[in-house]
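Inside the fold
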Amino acid sequence: MLTPENIQMWINLIGNSGFPIAITIYLFVRFEKKMENLEAVIIRSLNKNEE
């Protein structure tokens, strides 16, 4: 059951870990975009080499 103590514990957990989770998601999104760009460059390079 949710008691006031449990609710306070959950609020503290979310408050303590919310910032690191947000930063991690931000970095993963940026990393994904860079990987997509790198993939496109590699594919273009391979296509040029085949010609």
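Residues numbered from 1 in each chain as written. Predicted model: local features only at pLDDT ≥ 70, side-chain atom pairs only at ≥ 80, totals over all residues. Heavy atoms only, no water.

**Details of the overall build of the protein**
Within the protein one finds one helix and zero strands. When the backbone C-alpha atoms are referred to their principal axes, the protein occupies close to 70 × 20 × 5 Å. Here the protein holds 51 residues, and the buried ones make up 0% of them. Total accessible area on the protein is roughly 5000 Å²; 67% of this is exposed by carbon and sulfur atoms. For the protein, the centre of its 5 positive side-chain charges and the centre of its 6 negative side-chain charges are spaced 11 Å apart. (Helix = DSSP H or I, 4+ residues; strand = E, 2+ residues; numbered from the N terminus. Buried < 20%, exposed > 50% of the residue type's maximum accessible area, 1.4 Å probe, protein only. Areas by Shrake-Rupley, 256 points an atom, 1.4 Å probe, with all protein chains shown as cover. Lys, Arg positive; Asp, Glu negative; His and termini not counted. Charge placed at Lys NZ, Arg CZ, Asp CG, Glu CD.)

**Thoughts on a nonpolar patch on the surface**
A cluster of nonpolar side chains, namely Leu2, Ile7, Met9, Trp10, Ile11, Leu13 and Ile14, defines an oily patch on the protein surface of about 730 Å² accessible area. Looking at the secondary structure, you find Trp10 in helix α1 (residues 4-50). Look at Trp10 and you get partly exposed, because its relative accessible area is 48%. (Patch = residues over 30% accessible without salt bridge, like charges linked within 9 Å, V, L, I, M, F, W, Y side chains within 5 Å. Salt bridge = Lys/Arg side-chain N within 4 Å of Asp/Glu carboxyl O.)

**What to know about the environment of Val29**
In this structure, Val29 sits in helix α1. Separated by 18 residues in sequence, Val29 and Ile11 have C-alpha atoms that sit 26 Å apart.

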